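# Topology and contacts: notes
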Amino acid sequence: MESGIRARECSLSAILAPGVLLRMPPYQRSYAWQGDEVGELLSDLWRAASRGKHHFIGAIVLVEMDDRSFLVVDGQQRLTTLSMILAVLRDLETDPHYKALAHTMIGDPDRANRGDDTAWRLTLNHIDTPYFREAVQTEGATRQRDAEAGQATNHGRMSTNLDLIESYLSQLTASQRRQLFETIRDRIMLVRVVVPDWDGGYDVFRVLNTRGKAPNTHDIIKTEILQRGDFTEEEASAHARRWLDHESTLGANGLDDLLNYIRQLYSRSSKGKVAAEFSKAVLSRVDARTFLDQHLPDYVSTYNAILRGEPDYGAYSDAVRSPINHLRLLDHHLWRVPALAYLYRQRENGAEAAEFFSLLERFGFVMMLYVTNSDARRKQYARLTKAILDGKPLFHRNGPLNFSREDKRRIRERLTGRFVNFMQRRAIALRLNAALENGQQISSDEDASVEHVLPRIVPEESHWNRIWPSAAVQRELAETAGNFVIVPRHVNRIADRLEFREKKKLYFADGVRVFALTEDLRGRETWTPDDVRERTEQLVDILMGVWFPDPLG
(Lines give C-alpha, C1' and ligand atoms only; values in the text may rest on other atoms or scores of the structure.)
Protein backbone atom coordinates (compact mmCIF):
# COMPACT_ATOMS: atom_id res chain seq x y z
CA MET A 1 0.00 0.00 0.00
CA GLU A 2 1.42 3.42 -0.94
CA SER A 3 1.77 5.99 1.85
CA GLY A 4 1.29 9.01 -0.39
CA ILE A 5 4.43 10.59 1.11
CA ARG A 6 6.86 12.04 -1.46
CA ALA A 7 10.41 13.02 -0.53
CA ARG A 8 13.22 14.36 -2.68
CA GLU A 9 16.33 16.46 -2.33
CA CYS A 10 16.12 19.97 -3.76
CA SER A 11 17.59 23.46 -3.47
CA LEU A 12 16.10 26.29 -1.45
CA SER A 13 15.31 28.13 -4.68
CA ALA A 14 13.00 25.27 -5.65
CA ILE A 15 11.07 25.72 -2.39
CA LEU A 16 10.95 29.55 -2.63
CA ALA A 17 10.08 29.57 -6.32
CA PRO A 18 7.49 31.57 -8.29
CA GLY A 19 4.11 29.91 -8.03
CA VAL A 20 4.92 28.09 -4.76
CA LEU A 21 2.73 29.32 -1.88
CA LEU A 22 3.84 28.25 1.60
CA ARG A 23 1.79 29.12 4.66
CA MET A 24 1.70 28.15 8.28
CA PRO A 25 -1.14 26.14 9.79
CA PRO A 26 -3.45 28.59 11.62
CA TYR A 27 -2.17 27.70 15.07
CA GLN A 28 1.47 26.91 14.34
CA ARG A 29 3.67 28.54 16.94
CA SER A 30 5.04 31.98 16.21
CA TYR A 31 8.59 32.81 15.21
CA ALA A 32 10.84 31.62 18.04
CA TRP A 33 14.50 31.54 16.94
CA GLN A 34 16.94 33.34 19.20
CA GLY A 35 20.05 35.25 18.18
CA ASP A 36 22.45 32.34 18.75
CA GLU A 37 20.49 30.14 16.32
CA VAL A 38 20.46 32.90 13.70
CA GLY A 39 24.16 33.56 14.21
CA GLU A 40 24.97 29.87 13.82
CA LEU A 41 23.00 29.70 10.56
CA LEU A 42 24.77 32.80 9.19
CA SER A 43 28.17 31.33 10.07
CA ASP A 44 27.30 28.03 8.41
CA LEU A 45 26.10 29.79 5.28
CA TRP A 46 29.17 31.99 4.99
CA ARG A 47 31.46 29.01 5.58
CA ALA A 48 29.75 27.18 2.71
CA ALA A 49 29.88 30.28 0.49
CA SER A 50 33.58 30.96 1.12
CA ARG A 51 34.47 27.34 0.36
CA GLY A 52 32.11 26.93 -2.59
CA LYS A 53 30.37 24.05 -0.79
CA HIS A 54 26.76 22.94 -0.44
CA HIS A 55 24.98 23.29 2.91
CA PHE A 56 22.25 20.87 4.04
CA ILE A 57 19.53 22.30 6.31
CA GLY A 58 17.45 19.16 6.90
CA ALA A 59 13.90 18.30 5.93
CA ILE A 60 10.99 20.63 5.19
CA VAL A 61 7.65 18.86 5.73
CA LEU A 62 4.70 20.16 3.70
CA VAL A 63 1.03 19.24 3.45
CA GLU A 64 -0.38 19.78 -0.05
CA MET A 65 -3.77 21.53 0.09
CA ASP A 66 -6.66 21.47 -2.37
CA ASP A 67 -5.85 25.02 -3.56
CA ARG A 68 -2.31 23.84 -4.45
CA SER A 69 -0.72 25.79 -1.62
CA PHE A 70 1.37 24.02 1.00
CA LEU A 71 1.10 24.09 4.78
CA VAL A 72 4.48 24.04 6.50
CA VAL A 73 4.30 21.32 9.16
CA ASP A 74 8.02 21.45 9.89
CA GLY A 75 10.52 24.09 8.77
CA GLN A 76 8.90 27.38 9.77
CA GLN A 77 11.85 28.71 11.77
CA ARG A 78 14.41 27.93 9.05
CA LEU A 79 12.29 29.26 6.17
CA THR A 80 11.41 32.45 8.07
CA THR A 81 15.02 33.14 9.03
CA LEU A 82 16.29 32.43 5.52
CA SER A 83 13.64 34.80 4.14
CA MET A 84 14.88 37.46 6.57
CA ILE A 85 18.47 36.93 5.40
CA LEU A 86 17.37 37.18 1.76
CA ALA A 87 15.42 40.37 2.53
CA VAL A 88 18.45 42.05 4.14
CA LEU A 89 20.70 40.94 1.24
CA ARG A 90 18.13 42.39 -1.17
CA ASP A 91 17.92 45.71 0.66
CA LEU A 92 21.70 46.08 1.00
CA GLU A 93 22.18 45.31 -2.71
CA THR A 94 22.87 48.21 -5.10
CA ASP A 95 22.87 46.19 -8.33
CA PRO A 96 19.26 46.07 -9.67
CA HIS A 97 19.86 42.63 -11.19
CA TYR A 98 20.92 40.99 -7.91
CA LYS A 99 18.28 42.92 -5.99
CA ALA A 100 15.58 41.50 -8.27
CA LEU A 101 17.02 37.98 -8.02
CA ALA A 102 16.91 38.11 -4.21
CA HIS A 103 13.36 39.46 -4.16
CA THR A 104 12.21 36.70 -6.51
CA MET A 105 12.74 34.26 -3.64
CA ILE A 106 10.53 36.42 -1.40
CA GLY A 107 7.68 37.50 -3.66
CA ASP A 108 6.46 38.83 -6.99
CA PRO A 109 6.76 42.67 -7.06
CA ASP A 110 4.03 43.32 -9.62
CA ARG A 111 1.42 41.20 -7.85
CA ALA A 112 2.45 42.58 -4.45
CA ASN A 113 1.98 46.14 -5.72
CA ARG A 114 -1.56 45.21 -6.68
CA GLY A 115 -2.19 44.06 -3.12
CA ASP A 116 -2.30 40.35 -4.00
CA ASP A 117 -1.35 38.32 -0.91
CA THR A 118 -0.64 35.26 -3.05
CA ALA A 119 2.37 37.19 -4.37
CA TRP A 120 4.40 36.15 -1.33
CA ARG A 121 6.28 32.87 -1.10
CA LEU A 122 5.82 32.56 2.67
CA THR A 123 2.87 33.46 4.91
CA LEU A 124 3.16 33.12 8.69
CA ASN A 125 0.35 32.90 11.23
CA HIS A 126 -2.24 35.68 11.52
CA ILE A 127 -0.32 37.44 14.31
CA ASP A 128 3.09 37.48 12.65
CA THR A 129 2.12 37.98 8.99
CA PRO A 130 1.31 41.75 9.11
CA TYR A 131 4.67 42.51 10.73
CA PHE A 132 6.53 40.05 8.47
CA ARG A 133 5.02 41.68 5.39
CA GLU A 134 5.82 45.25 6.49
CA ALA A 135 9.21 44.74 8.17
CA VAL A 136 10.74 41.97 6.06
CA GLN A 137 9.11 40.99 2.78
CA THR A 138 8.28 44.40 1.31
CA GLU A 139 11.10 45.77 -0.84
CA GLY A 140 13.28 48.14 1.18
CA ALA A 141 11.53 47.27 4.44
CA THR A 142 14.59 46.09 6.38
CA ARG A 143 16.35 49.40 5.75
CA GLN A 144 13.39 51.61 6.62
CA ARG A 145 12.30 49.51 9.61
CA ASP A 146 9.06 51.53 9.87
CA ALA A 147 7.19 48.74 11.66
CA GLU A 148 8.26 48.89 15.31
CA ALA A 149 7.83 46.00 17.69
CA GLY A 150 7.92 45.61 21.44
CA GLN A 151 10.76 43.36 22.52
CA ALA A 152 8.41 41.15 24.56
CA THR A 153 6.60 40.00 21.41
CA ASN A 154 7.54 37.58 18.63
CA HIS A 155 7.82 40.68 16.45
CA GLY A 156 10.46 41.99 18.85
CA ARG A 157 12.42 38.76 18.44
CA MET A 158 12.15 39.10 14.66
CA SER A 159 13.27 42.73 14.85
CA THR A 160 16.26 41.84 17.03
CA ASN A 161 17.29 39.10 14.61
CA LEU A 162 16.98 41.49 11.67
CA ASP A 163 19.43 43.79 13.47
CA LEU A 164 21.80 40.87 13.97
CA ILE A 165 21.53 39.80 10.32
CA GLU A 166 22.07 43.35 9.04
CA SER A 167 25.08 43.82 11.32
CA TYR A 168 26.62 40.55 10.10
CA LEU A 169 25.99 41.16 6.40
CA SER A 170 27.11 44.79 6.52
CA GLN A 171 30.60 43.59 7.42
CA LEU A 172 30.84 41.70 4.12
CA THR A 173 31.79 43.39 0.86
CA ALA A 174 29.23 43.72 -1.92
CA SER A 175 30.87 40.88 -3.86
CA GLN A 176 30.92 38.67 -0.75
CA ARG A 177 27.21 39.30 -0.19
CA ARG A 178 26.51 38.29 -3.79
CA GLN A 179 28.60 35.17 -3.26
CA LEU A 180 26.52 34.41 -0.14
CA PHE A 181 23.26 34.99 -2.02
CA GLU A 182 24.28 32.61 -4.81
CA THR A 183 25.09 29.98 -2.19
CA ILE A 184 21.70 30.43 -0.53
CA ARG A 185 19.95 30.24 -3.88
CA ASP A 186 21.87 27.36 -5.46
CA ARG A 187 23.72 25.42 -2.76
CA ILE A 188 21.39 25.23 0.22
CA MET A 189 20.04 21.70 -0.03
CA LEU A 190 17.13 20.16 1.82
CA VAL A 191 14.79 17.20 1.72
CA ARG A 192 11.33 18.29 0.58
CA VAL A 193 8.79 15.95 2.18
CA VAL A 194 5.21 16.30 0.89
CA VAL A 195 2.45 14.40 2.66
CA PRO A 196 -1.15 14.12 1.46
CA ASP A 197 -2.96 15.00 4.71
CA TRP A 198 -2.63 16.25 8.27
CA ASP A 199 -2.24 12.86 9.88
CA GLY A 200 0.65 11.97 7.63
CA GLY A 201 2.19 15.38 8.25
CA TYR A 202 2.18 14.98 11.98
CA ASP A 203 3.49 11.41 11.76
CA VAL A 204 6.51 12.64 9.80
CA PHE A 205 6.84 15.65 12.10
CA ARG A 206 7.07 13.42 15.18
CA VAL A 207 9.70 11.18 13.58
CA LEU A 208 11.86 14.17 12.68
CA ASN A 209 11.44 16.13 15.89
CA THR A 210 11.14 13.81 18.87
CA ARG A 211 14.34 11.79 18.61
CA GLY A 212 16.99 13.09 20.96
CA LYS A 213 15.01 16.22 21.86
CA ALA A 214 13.28 17.24 25.06
CA PRO A 215 9.54 16.57 24.87
CA ASN A 216 6.99 19.39 24.77
CA THR A 217 5.04 20.30 27.87
CA HIS A 218 1.94 18.56 26.56
CA ASP A 219 3.93 15.36 25.89
CA ILE A 220 5.05 15.28 29.53
CA ILE A 221 1.50 15.86 30.76
CA LYS A 222 0.10 13.26 28.36
CA THR A 223 2.52 10.64 29.66
CA GLU A 224 1.60 11.36 33.26
CA ILE A 225 -2.13 11.23 32.55
CA LEU A 226 -1.82 7.90 30.74
CA GLN A 227 0.21 6.50 33.63
CA ARG A 228 -2.34 7.66 36.20
CA GLY A 229 -5.32 6.34 34.23
CA ASP A 230 -4.46 2.66 34.54
CA PHE A 231 -5.44 2.15 30.89
CA THR A 232 -5.11 -1.02 28.90
CA GLU A 233 -2.64 -0.91 26.03
CA GLU A 234 -5.51 -0.56 23.55
CA GLU A 235 -7.13 2.26 25.56
CA ALA A 236 -3.82 4.08 25.95
CA SER A 237 -3.21 3.84 22.21
CA ALA A 238 -6.67 5.26 21.45
CA HIS A 239 -6.17 8.14 23.90
CA ALA A 240 -2.72 8.87 22.47
CA ARG A 241 -4.25 9.05 18.99
CA ARG A 242 -6.96 11.46 20.19
CA TRP A 243 -4.26 13.53 21.87
CA LEU A 244 -2.54 13.86 18.51
CA ASP A 245 -5.85 15.00 17.04
CA HIS A 246 -5.96 17.73 19.70
CA GLU A 247 -2.40 18.71 18.81
CA SER A 248 -3.37 18.78 15.13
CA THR A 249 -6.32 21.05 15.92
CA LEU A 250 -4.45 23.53 18.09
CA GLY A 251 -0.80 23.05 17.14
CA ALA A 252 1.85 21.97 19.64
CA ASN A 253 2.21 25.40 21.21
CA GLY A 254 -1.54 25.89 21.22
CA LEU A 255 -2.03 22.67 23.16
CA ASP A 256 0.73 23.70 25.59
CA ASP A 257 -1.06 27.03 26.10
CA LEU A 258 -4.43 25.36 26.64
CA LEU A 259 -3.06 23.00 29.29
CA ASN A 260 -1.48 25.98 31.02
CA TYR A 261 -4.82 27.81 30.99
CA ILE A 262 -6.65 24.72 32.32
CA ARG A 263 -4.09 24.48 35.09
CA GLN A 264 -4.75 28.14 35.97
CA LEU A 265 -8.51 27.54 36.07
CA TYR A 266 -8.06 24.70 38.56
CA SER A 267 -5.30 26.23 40.70
CA ARG A 268 -6.20 29.90 40.11
CA SER A 269 -2.50 30.60 39.80
CA SER A 270 -0.05 31.01 36.91
CA LYS A 271 3.06 30.44 39.02
CA GLY A 272 5.41 27.51 38.50
CA LYS A 273 6.16 25.34 35.49
CA VAL A 274 3.06 23.93 33.82
CA ALA A 275 4.33 20.35 33.48
CA ALA A 276 5.27 20.23 37.16
CA GLU A 277 2.10 21.91 38.45
CA PHE A 278 -0.56 20.37 36.18
CA SER A 279 -0.85 17.07 38.02
CA LYS A 280 -1.13 18.74 41.41
CA ALA A 281 -3.65 21.30 40.20
CA VAL A 282 -5.85 19.21 37.90
CA LEU A 283 -5.36 15.49 38.36
CA SER A 284 -5.79 15.79 42.12
CA ARG A 285 -9.35 17.01 41.49
CA VAL A 286 -10.47 14.99 38.47
CA ASP A 287 -9.43 11.47 37.53
CA ALA A 288 -7.37 10.93 34.40
CA ARG A 289 -10.02 8.95 32.50
CA THR A 290 -12.72 11.58 33.08
CA PHE A 291 -10.34 14.37 32.11
CA LEU A 292 -9.40 12.70 28.82
CA ASP A 293 -12.89 11.51 27.91
CA GLN A 294 -15.01 14.48 28.98
CA HIS A 295 -13.09 17.61 29.93
CA LEU A 296 -10.21 17.85 27.47
CA PRO A 297 -12.27 17.45 24.24
CA ASP A 298 -14.61 20.24 25.39
CA TYR A 299 -11.69 22.46 26.37
CA VAL A 300 -10.03 21.87 22.98
CA SER A 301 -13.25 22.70 21.14
CA THR A 302 -13.76 25.83 23.24
CA TYR A 303 -10.19 27.04 22.88
CA ASN A 304 -10.27 26.37 19.14
CA ALA A 305 -13.34 28.60 18.91
CA ILE A 306 -11.42 31.33 20.75
CA LEU A 307 -8.38 31.03 18.47
CA ARG A 308 -10.53 31.10 15.36
CA GLY A 309 -12.89 33.74 16.72
CA GLU A 310 -15.84 31.51 15.83
CA PRO A 311 -17.92 30.49 18.87
CA ASP A 312 -21.42 29.33 18.02
CA TYR A 313 -24.23 31.15 19.82
CA GLY A 314 -26.89 30.87 17.16
CA ALA A 315 -28.52 34.23 16.46
CA TYR A 316 -26.01 35.90 18.81
CA SER A 317 -22.92 34.43 17.14
CA ASP A 318 -21.92 37.62 15.31
CA ALA A 319 -22.35 39.68 18.47
CA VAL A 320 -19.98 37.33 20.30
CA ARG A 321 -17.49 36.82 17.49
CA SER A 322 -16.93 40.52 16.82
CA PRO A 323 -15.42 41.38 20.24
CA ILE A 324 -13.41 38.15 20.28
CA ASN A 325 -11.83 39.09 16.96
CA HIS A 326 -11.04 42.54 18.36
CA LEU A 327 -9.38 40.82 21.32
CA ARG A 328 -7.22 38.81 18.92
CA LEU A 329 -5.56 42.10 17.89
CA LEU A 330 -4.09 42.69 21.36
CA ASP A 331 -0.39 42.44 22.17
CA HIS A 332 -1.04 39.99 25.01
CA HIS A 333 -2.95 36.71 25.46
CA LEU A 334 -4.03 37.02 29.09
CA TRP A 335 -7.63 37.60 27.99
CA ARG A 336 -7.83 34.00 26.80
CA VAL A 337 -8.04 32.62 30.36
CA PRO A 338 -11.28 34.39 31.35
CA ALA A 339 -12.62 33.83 27.82
CA LEU A 340 -11.98 30.11 28.19
CA ALA A 341 -13.53 30.04 31.67
CA TYR A 342 -16.66 31.81 30.45
CA LEU A 343 -17.16 29.91 27.18
CA TYR A 344 -16.55 26.55 28.84
CA ARG A 345 -19.21 27.17 31.48
CA GLN A 346 -21.72 29.46 29.78
CA ARG A 347 -22.78 27.91 26.49
CA GLU A 348 -26.50 28.59 26.39
CA ASN A 349 -27.28 32.28 26.96
CA GLY A 350 -26.26 34.10 23.78
CA ALA A 351 -27.45 37.53 24.93
CA GLU A 352 -25.39 37.31 28.10
CA ALA A 353 -22.37 36.01 26.18
CA ALA A 354 -22.59 38.96 23.79
CA GLU A 355 -22.59 41.36 26.72
CA PHE A 356 -19.74 39.55 28.45
CA PHE A 357 -17.44 39.55 25.42
CA SER A 358 -18.27 43.15 24.61
CA LEU A 359 -17.10 44.09 28.10
CA LEU A 360 -14.13 41.71 27.93
CA GLU A 361 -13.00 43.36 24.71
CA ARG A 362 -13.09 46.77 26.39
CA PHE A 363 -11.31 45.26 29.42
CA GLY A 364 -8.59 43.75 27.22
CA PHE A 365 -7.88 47.00 25.38
CA VAL A 366 -7.76 48.89 28.66
CA MET A 367 -5.28 46.35 30.04
CA MET A 368 -3.12 46.83 26.94
CA LEU A 369 -3.17 50.62 27.04
CA TYR A 370 -3.67 51.63 30.65
CA VAL A 371 -2.37 48.84 32.89
CA THR A 372 1.21 48.59 31.64
CA ASN A 373 2.71 46.83 34.67
CA SER A 374 2.68 43.11 33.85
CA ASP A 375 2.07 41.97 37.44
CA ALA A 376 -0.80 44.40 37.91
CA ARG A 377 -2.29 43.30 34.60
CA ARG A 378 -2.12 39.62 35.60
CA LYS A 379 -3.81 40.38 38.92
CA GLN A 380 -6.66 42.17 37.13
CA TYR A 381 -7.21 39.20 34.83
CA ALA A 382 -6.94 36.77 37.76
CA ARG A 383 -9.60 38.74 39.65
CA LEU A 384 -11.91 38.57 36.63
CA THR A 385 -11.31 34.83 36.13
CA LYS A 386 -11.99 34.15 39.81
CA ALA A 387 -15.31 36.02 39.58
CA ILE A 388 -16.32 33.87 36.57
CA LEU A 389 -15.37 30.63 38.30
CA ASP A 390 -17.12 31.64 41.54
CA GLY A 391 -20.31 32.62 39.71
CA LYS A 392 -20.11 36.23 40.92
CA PRO A 393 -22.06 39.02 39.16
CA LEU A 394 -19.97 40.21 36.25
CA PHE A 395 -21.94 43.17 34.96
CA HIS A 396 -22.48 45.07 38.20
CA ARG A 397 -21.12 48.63 38.39
CA ASN A 398 -18.58 47.47 40.97
CA GLY A 399 -17.82 44.22 39.13
CA PRO A 400 -14.42 43.28 37.69
CA LEU A 401 -15.34 44.29 34.13
CA ASN A 402 -16.25 47.88 34.96
CA PHE A 403 -14.20 50.98 35.59
CA SER A 404 -14.45 54.05 37.80
CA ARG A 405 -14.87 57.62 36.58
CA GLU A 406 -11.20 58.24 37.28
CA ASP A 407 -10.28 55.13 35.26
CA LYS A 408 -12.33 56.41 32.33
CA ARG A 409 -10.62 59.79 32.48
CA ARG A 410 -7.20 58.14 32.38
CA ILE A 411 -8.25 55.73 29.64
CA ARG A 412 -9.37 58.63 27.49
CA GLU A 413 -6.16 60.49 28.20
CA ARG A 414 -4.15 57.44 27.14
CA LEU A 415 -6.13 57.10 23.91
CA THR A 416 -5.17 60.65 22.94
CA GLY A 417 -1.49 59.84 23.45
CA ARG A 418 1.15 58.14 21.29
CA PHE A 419 1.19 54.55 20.02
CA VAL A 420 4.78 53.65 19.27
CA ASN A 421 4.31 49.88 19.54
CA PHE A 422 3.41 48.21 16.23
CA MET A 423 0.86 45.81 17.71
CA GLN A 424 -0.86 48.51 19.78
CA ARG A 425 -0.93 50.91 16.85
CA ARG A 426 -2.49 48.30 14.58
CA ALA A 427 -4.97 47.18 17.25
CA ILE A 428 -6.20 50.72 17.89
CA ALA A 429 -6.43 51.65 14.21
CA LEU A 430 -8.40 48.52 13.30
CA ARG A 431 -10.65 48.93 16.34
CA LEU A 432 -11.35 52.54 15.38
CA ASN A 433 -12.18 51.49 11.83
CA ALA A 434 -14.88 49.15 13.14
CA ALA A 435 -16.26 51.85 15.48
CA LEU A 436 -16.81 54.42 12.73
CA GLU A 437 -20.02 54.91 10.81
CA ASN A 438 -20.05 52.43 7.93
CA GLY A 439 -16.91 50.91 9.41
CA GLN A 440 -16.25 47.18 9.27
CA GLN A 441 -14.23 44.75 11.29
CA ILE A 442 -11.02 43.94 9.44
CA SER A 443 -9.86 40.34 9.73
CA SER A 444 -6.22 39.59 10.45
CA ASP A 445 -5.56 38.16 6.99
CA GLU A 446 -6.93 41.15 5.03
CA ASP A 447 -4.64 43.48 3.10
CA ALA A 448 -4.77 46.38 5.56
CA SER A 449 -1.89 48.34 7.06
CA VAL A 450 -1.59 51.42 9.27
CA GLU A 451 -0.27 54.44 7.37
CA HIS A 452 1.03 57.60 9.09
CA VAL A 453 -0.26 60.62 7.17
CA LEU A 454 2.49 62.76 8.69
CA PRO A 455 5.49 60.43 8.24
CA ARG A 456 7.05 59.05 11.40
CA ILE A 457 10.48 60.18 10.19
CA VAL A 458 10.56 63.46 8.26
CA PRO A 459 13.75 64.06 6.20
CA GLU A 460 15.42 67.42 6.71
CA GLU A 461 14.66 68.57 3.14
CA SER A 462 11.00 67.44 3.22
CA HIS A 463 8.14 69.81 2.43
CA TRP A 464 6.48 68.57 5.65
CA ASN A 465 8.91 70.74 7.64
CA ARG A 466 7.34 73.87 6.17
CA ILE A 467 3.92 72.92 7.56
CA TRP A 468 5.28 71.24 10.70
CA PRO A 469 8.40 73.29 11.57
CA SER A 470 8.68 71.90 15.10
CA ALA A 471 10.38 68.49 15.33
CA ALA A 472 8.99 68.13 18.86
CA VAL A 473 5.42 68.54 17.58
CA GLN A 474 6.11 66.04 14.82
CA ARG A 475 7.25 63.48 17.40
CA GLU A 476 4.28 64.28 19.64
CA LEU A 477 1.58 63.83 16.98
CA ALA A 478 2.93 61.40 14.35
CA GLU A 479 2.06 58.37 16.51
CA THR A 480 -1.36 59.57 17.69
CA ALA A 481 -4.63 58.06 16.48
CA GLY A 482 -5.56 61.21 14.57
CA ASN A 483 -2.59 60.69 12.24
CA PHE A 484 -3.53 57.11 11.31
CA VAL A 485 -5.31 55.84 8.24
CA ILE A 486 -5.70 52.28 6.98
CA VAL A 487 -4.65 51.47 3.43
CA PRO A 488 -3.62 48.41 1.41
CA ARG A 489 0.06 47.57 1.93
CA HIS A 490 1.16 48.57 -1.56
CA VAL A 491 -0.40 52.03 -1.04
CA ASN A 492 1.37 52.38 2.29
CA ARG A 493 4.70 51.55 0.70
CA ILE A 494 4.29 54.08 -2.12
CA ALA A 495 2.79 56.85 0.03
CA ASP A 496 5.63 56.81 2.58
CA ARG A 497 6.89 60.43 2.77
CA LEU A 498 4.89 62.06 -0.03
CA GLU A 499 3.12 65.34 0.59
CA PHE A 500 -0.48 65.30 1.79
CA ARG A 501 -2.17 65.97 -1.57
CA GLU A 502 -0.12 63.23 -3.27
CA LYS A 503 -0.97 60.80 -0.50
CA LYS A 504 -4.67 61.54 -0.94
CA LYS A 505 -4.45 60.70 -4.64
CA LEU A 506 -3.11 57.28 -3.68
CA TYR A 507 -5.63 56.73 -0.87
CA PHE A 508 -8.59 57.39 -3.17
CA ALA A 509 -7.25 56.16 -6.52
CA ASP A 510 -9.52 54.02 -8.69
CA GLY A 511 -9.53 50.41 -7.60
CA VAL A 512 -8.03 51.07 -4.16
CA ARG A 513 -10.07 49.85 -1.21
CA VAL A 514 -11.00 52.78 1.02
CA PHE A 515 -11.40 51.93 4.70
CA ALA A 516 -13.64 53.88 7.06
CA LEU A 517 -10.66 55.30 8.96
CA THR A 518 -9.38 56.79 5.70
CA GLU A 519 -12.68 58.03 4.29
CA ASP A 520 -12.91 61.27 6.28
CA LEU A 521 -9.68 62.53 4.69
CA ARG A 522 -11.43 62.72 1.32
CA GLY A 523 -12.71 66.23 1.97
CA ARG A 524 -9.66 67.57 3.82
CA GLU A 525 -7.33 70.03 2.11
CA THR A 526 -4.77 70.47 4.90
CA TRP A 527 -2.91 68.28 7.37
CA THR A 528 -1.62 70.50 10.15
CA PRO A 529 -0.96 69.90 13.86
CA ASP A 530 -4.39 71.35 14.63
CA ASP A 531 -6.00 68.97 12.11
CA VAL A 532 -4.36 65.97 13.78
CA ARG A 533 -5.21 67.09 17.32
CA GLU A 534 -8.83 67.73 16.35
CA ARG A 535 -9.16 64.39 14.56
CA THR A 536 -7.59 62.56 17.50
CA GLU A 537 -10.17 64.04 19.86
CA GLN A 538 -13.00 63.12 17.49
CA LEU A 539 -11.83 59.53 17.08
CA VAL A 540 -11.27 59.05 20.80
CA ASP A 541 -14.76 60.40 21.52
CA ILE A 542 -16.21 57.83 19.13
CA LEU A 543 -14.30 54.92 20.66
CA MET A 544 -15.08 56.00 24.22
CA GLY A 545 -18.73 56.23 23.18
CA VAL A 546 -18.62 52.61 21.98
CA TRP A 547 -16.85 51.34 25.09
CA PHE A 548 -18.74 53.46 27.62
CA PRO A 549 -22.18 54.18 26.14
CA ASP A 550 -23.63 54.78 29.60
CA PRO A 551 -21.84 57.78 31.16
CA LEU A 552 -22.84 56.52 34.60
CA GLY A 553 -21.96 52.85 33.99
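Residues numbered from 1 in each chain as written. Predicted model: local features only at pLDDT ≥ 70, side-chain atom pairs only at ≥ 80, totals over all residues. Heavy atoms only, no water.

What follows is about the sheet that holds strand β1 (residues 6-11). As summarised here, the arrangement of the six strands in space is β1-β6-β3-β4-β2-β5, forming an open sheet in which the pairing is mixed. A strand with exactly one partner marks an edge of an open sheet, and here the two such strands are β1 and β5 (122-123). With two bridges joining them, strand β2 (residues 22-23) and β5 adopt parallel strand pairing. The partner of L22 across the bridge, within β5, is L122. Sitting on the sheet, helix α3 (residues 76-92) touches β2, β3 (55-64), β4 (70-74), β5 and β6 (188-195), and the angle it makes with β3 is about 115°. Together, β1 and β6 form the strand contacts of helix α9 (residues 174-186), whose direction differs from that of β6 by roughly 30°. (Pairing = 2+ DSSP bridges. Helix = DSSP H or I, 4+ residues; strand = E, 2+ residues; numbered from the N terminus. Contact = heavy atoms within 4.5 Å. Axes fitted to C-alpha atoms, helices over the stretch in contact; angles between N-to-C directions.)

What follows is about the nonpolar core. Residues L258, I262, F291 and L415 are the most contacted members of the largest nonpolar core, which totals 88 residues. Among the elements that take part in this core, helix α18 (residues 350-369) stands out by supplying twelve residues, more than any other. With 54 residues, the next largest nonpolar core counts A17, V20, M24 and I106 among its residues. (Core = buried A, V, L, I, M, F, W, Y, C linked by side-chain atoms within 4.5 Å. Buried < 20%, exposed > 50% of the residue type's maximum accessible area, 1.4 Å probe, protein only.)

On to the pairing of strand β7 (residues 449-452), then. Side-chain direction in a regular strand flips from residue to residue, so the side chains alternate between the two faces of the sheet. Side chains S449 and E451 of β7 all project onto a buried face; the interleaved residues V450 and H452 project onto the opposite face, where all are buried too. As defined by bridge partners, β7 adjoins strand β8 (residues 484-487) across four bridges and the pair is classed as antiparallel. Across the sheet, residue V450 finds its bridge partner in β8, namely I486.

Turning our eyes to something else, we now look at the packing of helix α17 (residues 336-345) against helix α19 (residues 374-389). It is at 9 Å that the axes of α17 and α19 come closest, and there the two elements cross at 10°. The pairing of α17 with α19 is recorded here as roughly parallel in orientation. In contact with V337, P338, A341, Y342 and R345 of α17, α19 contributes Y381, L384, T385, I388 and L389. The residue inventory of the contact of α17 with α19, partitioned by class, reads eight nonpolar, one polar and one charged. (Parallel < 35°, antiparallel > 145°, perpendicular 65-115°, else oblique. Nonpolar A, V, L, I, M, F, W, Y, C, P; charged D, E, K, R; others polar.)

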